Amino acid sequence: MTTVYVTLTIIGSILGLILAPLVDGIERKLRAKVQNRIGPPITQTWLDIVKLLRKESLIPRTAQDLFFIAPPLTLAMSAATLPLLCYGAPNVLGFYGDIIVILYLIAGSSILLYLGATASGNPYAAIGFSRRFSLLIACELLIALAVVAVALKTGSLSLTEIVMKSELAPSTILAGLSLLITSYVESSRLPFELAVAKPEIMGGILIEYSGRLLAFAELSHLLHRFVLVLLGVDITLAPALKYLIELGVTGVIASFILVITSTVIVLVIFGVIEALCGRTRLDYALQFTSKLIVLPIISIVLASIGV
Amino acid sequence: MSKEELISKLKSKFSECIVKVDTPGNDILVEVKPECLVEVAKYVFNEENMYYATSSGADERGLTGKFSVYHIFSADKRCWFVLKTSVPASRPKVPSITGVVPGANWAEREAMDMFGIQFEGHPEPTRLVLPDDWPEGLHPLRKDFEHNYRPPSKTPEKEYLSVGGVFVGGVEYSTALPLGPYHPALHEPEYFELLVKGEEVIDVRYRGFHVHRGIEKIGESRLTYNQVPFIAERICGICGFVHSSSYCMAIEKALGIDVPERAKYIRTIVLEIERIHSHLLWIGVACHLLGFETGFMHSWRIREHVMDLAELLTGSRKTYGINIPGGVRRDIIENQIEKAKKVMDLIESEFKILKDKLLVPEVISRLKGVGYLPKEDARKIAVLGPTMRGSGIARDVRKDQPYFAYPELDFEIAVYDDGDNLARTLVRVDEVLESIKIVKQALNNLPKGPIRADFEPKPMKLGVGAVEAPRGEVVHMVITGRSSKLFRWRVRAPTYNNIPALKIMLKGVALADAPITIASIDPCFSCTDRCIVLRDLDRGTYIRTSLIEMRRYVVRVLG
């Protein structure tokens, strides 16, 4: 059984790396359909990344060292979360508190990238940073609260254990959903795409990045989106996954497929929602997140009374 | 009050100031002594409530030994009012009317650059049009300046960017953020420097005219009456037809040409088609700036039908080239009318759907209350078009100075009082529907007859032509010269009057709203600059050039 678990986790990690840009390609294709365009092939995001990897990175004169250290480190941190996730099969790498490590790596990787961007010395990057940081703090709070609710209910801080100990409870589902909604805001999708905002601040945090460095930043951003959604899917579907895992090998494989397809579907739905939105302003975005905080708090209350 | 009453009132009130009164092409031309200029300008602007249009210099040394300045006002519902003053070439100093009519600021500075006329009492007598490295004392529109002369250029030693500090007037700011000359929100080169504190815009500096083409000079030196409409149409790639129409109208008024009814209707139809396409383009761009790409794509999808219609009626999707003094060059035939009506119905139904999808609470919340321009400031700066009508001023040249077929057609002008980005957006949305109505009416009532009238050239006649462009009124002033050439041709595009209002509109807005606020005047920089930039592929450098040089270049490259 352990071999199956290990294999599925390895396959899941690799699949995650491949799927993240591919799902972006599907989103782009669907967005094009909504917008009455033909759109690029679904491999376009990968082609873009591969092309960027072959290109030279321009480093502005005003940049400090952090500017070119940040993107590879960010990518490494995002990629490091992949083997820690639960792809439907219990993760043998899992340890007590791994969910905190995952959250640290996710938040840390984005913060590092923003710091690297500000190290470019470009005022647009500075504005992108300040916008993104305000939103990030609000989102991290929401994510942390959702995790607290789940931990309260299941009594564990390990992702695998959370899945294995979960039962069909309103508090867990609510926490999972609030995690999914927060991941939409967190992964800077329209209308919350404030840090890049091309017509306003010309790409903001990404303005000075080019070539390889841009490829690293893009890939890590896509992984970031994927990981957050997968985490939300894990927690929302935890009772179903638990049921399937207990059925044996076929059940585990089914639960693996369930997790991956649900993640892809959620990402694609997010992509279509994005096509129907315009960009909001930072003050409206923060108002929205402050309203959103009700969800995880209700979830915590429910969890503490054992529902 | 009629035109004659106005003239007699002015004559009695300023009997000692007035040198000459004339009525060229049904407009009023009053020449006053320089010392009375401000007083008369103040009277017509404040008491007679005339709307300021533009000013122009003229080098009349070859005729009278003087430089002249023409200030053009619109005496709404009556005629155009041209205030002229002349000063001797030895001492070209004219009192500035900017203190009384703030909107004259730019036009006076342009006359200063182009003719070397000094304006006494001007609040900021700095360069507007000429680049910083242009030599002192060279004035391109003077008659002794050869149209193909290029002064040597050098890189100006001017620092624009600074982080933190105190701006002129004691305004403290934290970052000076460059918006342009190349910026995704501006589709043409123009430079705004936003002084921001956090996310709030404190003040804005502007430098434009990076790519001046010198079209007026070409029109005055190289071309004849009949050639100018084609270069006039190339002033702008979006609203070119308004320029050629407005030029033709000025020539027709100056020479007293009676344009056939059918030509008037054809011009009206094409003008309104141009307005529909331009507004749809703007709505798309506004959606893009708000990050709403789907709205952008669909707005431009509808616009595509309009472009096809333009191609059907004129032969070109853009830059129609059918205007000529005295009429048009291309007729509309019967089966085209049927097709055009069908397209109009299609556009109308699709645009109504788009309108409902666009004006949703999320979009409205981004536009409402942002970029406020009060009515009083709007009049002082003399802003035009949807920018003016969004601030509650119910003016429209189509109604106030009726031309072509507009007096016979039934349409409304859209006015909103709020003065914010939303008001300006709603004006444009309403105007699209009104334009569809106008095109349908004009197609139904298209009179039969010739499409062009012949005429004889006459020298030294003044004419003012104005057409309501999608962005506001375009004013062309023409003084005819000898041998079918122009003595003076002044082009004033609406964006020229609208940009100064941005200083008021941008103050205090969030940085996120700055691009949409700039776009809310629908800036058309090529109209304002009347310019072009060419990329030299061999050397990889950008060069500034005139259209004639460009043509030579194309001939050289293409053999």
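A word on the overall build of chain B. Across its full length, chain B carries 20 helices and 19 strands. When burial is assessed residue by residue, chain B has 52% of its 559 residues classed as buried. Within chain B, residue pairs in contact and separated by at least 24 positions form 67% of the contacts whose partners lie at least 6 positions apart.

A few words on the nonpolar core. All names here are of chain B. Counting 254 residues, the largest nonpolar core has A41 and F73 as its most contacted members. Looking at which domains feed residues into this core, each of domain 1 (3–120) and domain 2 (215–529) gives three or more. Not counting residues within four places of it along the chain, the set of residues in contact with F73 comprises V44, F45, M50, Y51, Y52, A53, F81 and L83.

A word on the pairing of strand β15 (residues 462–469) of chain B. Residue and element names in this part refer to chain B. When you tally the buried positions in β15, you get 8 out of 8 residues, the bulk of the element. Across the two faces of β15 the burial is the same, with L462, V464, A466 and E468 and G463, G465, V467 and A469 all buried. As judged from the 8 bridges shared by β15 and strand β16 (residues 472–480), these two strands associate in the antiparallel manner. Its bridge partner being in β16, V467 is matched across the sheet by V474. Joining the antiparallel neighbours β15 and β16 is a turn of 2 residues.

Below, the discussion takes up the interface of chain A and chain B. Listed as interface residues are 21 residues of chain A and, on the opposing side, 24 residues of chain B. Listing elements by their share of the side of chain A that touches chain B, those giving two or more residues are α5 (123–154) and α8 (198–201) of chain A. In terms of residues, the side of chain A that touches chain B owes the most to one element, α8 of chain A, which gives 3 residues. For the side of chain A that touches chain B, the residue count by class is 12 nonpolar, 3 polar and 6 charged.

Let's shift gears to the packing of helix α7 (residues 240–255) of chain B against helix α8 (residues 261–289) of chain B. All names here are of chain B. Between α7 and α8, the least distance of the axes is 9 Å, while the angle of their chain directions is 150 degrees. In terms of orientation, α7 and α8 fall into the roughly antiparallel class. In this structure, α7 crosses over α8, and the sense of that crossing is left-handed. Counted together, F241, V242 and S245 of α7 and R267, V270, L271 and E274 of α8 form the full contact between these two elements. Partitioned by chemical class, the residues of the contact of α7 with α8 number 4 nonpolar, 1 polar and 2 charged.

Residues and elements named next belong to chain B. Counting buried residues in helix α4 (residues 105–115) gives 11 out of 11 residues, a clear majority hidden from the surface. In this fold, the buried residues of α4 make contact with β3 (51–60), β4 (66–75), β7 (118–120) and α16 (494–498). G116 occupies a position one or two residues after α4 and carries a positive phi of about 75 degrees.

For the rest of this paragraph, the subject is the domain arrangement of chain B. Residues and elements named next belong to chain B. Taken domain by domain, chain B comprises domain 1 (3–120) and domain 2 (215–529). Counting residues at the interface gives 22 residues for domain 1, matched by 22 residues for domain 2. Per-element tally for the side of domain 1 that touches domain 2: the top contributor is β3, with 6 residues. Tallied by class, the residues present in the side of domain 1 that touches domain 2 amount to 12 nonpolar, 7 polar and 3 charged.

A few words on the sheet that holds β15 of chain B. Residues and elements named next belong to chain B. Sheet architecture is open: 3 strands sit in the order β15-β16-β17, paired in antiparallel fashion. Two strands in the sheet have a free side with no partner beyond their single neighbour: β15 and β17 (486–492). Direction aside, the axes of adjacent strands within the sheet are offset by 15 degrees on average.

Residue P191 of chain A follows L190 of chain A across a cis peptide bond; omega there is 0 degrees. As for its placement among the helices and strands, P191 of chain A is situated in the loop between α7 (170–186) and α8. The backbone of N49 of chain B shows a phi angle near 60 degrees, a positive value even though the residue is not glycine. Mapped onto the secondary structure, N49 of chain B falls in the loop between α2 (37–47) and β3.

Here we take up the confidence of the model for chain B. Residues and elements named next belong to chain B. When pLDDT is averaged along chain B, the result is 85; 90% of the residues meet or exceed 70. Segment residues 160–170: pLDDT under 50, and 13 contacts once partners within four positions in sequence are set aside and those in other chains are kept. For the stretch residues 531–551, pLDDT sits under 50, and the model shows 29 contacts to residues farther than four places along the chain or on other chains. The ipTM for the predicted assembly is 0.82, set against a pTM of 0.86.

Residues and elements named next belong to chain B. Read from one edge to the other, the open sheet built from 5 strands follows the order β1-β2-β5-β4-β3, with strand pairing classed as mixed. The sheet is open, and its two edges are formed by β1 (18–22) and β3, each paired on a single side. Neighbour-to-neighbour, the strand axes of the sheet open up by a mean angle of 20 degrees, direction not taken into account. The sheet contact formed by β1 and strand β2 (residues 28–32) spans 4 bridges and is antiparallel. Among the inter-strand pairings, K20 is bridged to a residue of β2, identified as E31. Along the sheet face, α2 touches β2, β3, β4 and β5 (79–88) and points at about 170 degrees away from the line of β5. The strands touched by α4 are β3 and β4; relative to β3, the strand with the most contacts, the crossing angle is about 10 degrees.

The rules behind these values
Residues numbered from 1 in each chain as written. Chains lettered and ligands numbered in written order. Predicted model: local features only at pLDDT ≥ 70, side-chain atom pairs only at ≥ 80, totals over all residues. Helix = DSSP H or I, 4+ residues; strand = E, 2+ residues; numbered from the N terminus. Buried ≥ 20, exposed ≤ 12 C-beta atoms within 10 Å, placed from the backbone. Contact = placed C-beta atoms within 7 Å. Core = buried A, V, L, I, M, F, W, Y, C linked by C-beta atoms within 7 Å. Domains from an automatic or database assignment. Pairing = 2+ DSSP bridges. Nonpolar A, V, L, I, M, F, W, Y, C, P; charged D, E, K, R; others polar. Axes fitted to C-alpha atoms, helices over the stretch in contact; angles between N-to-C directions. Parallel < 35°, antiparallel > 145°, perpendicular 65-115°, else oblique. Left-handed = near helix turned anticlockwise from the far one by under 90°. pLDDT = per-residue confidence, 0-100.

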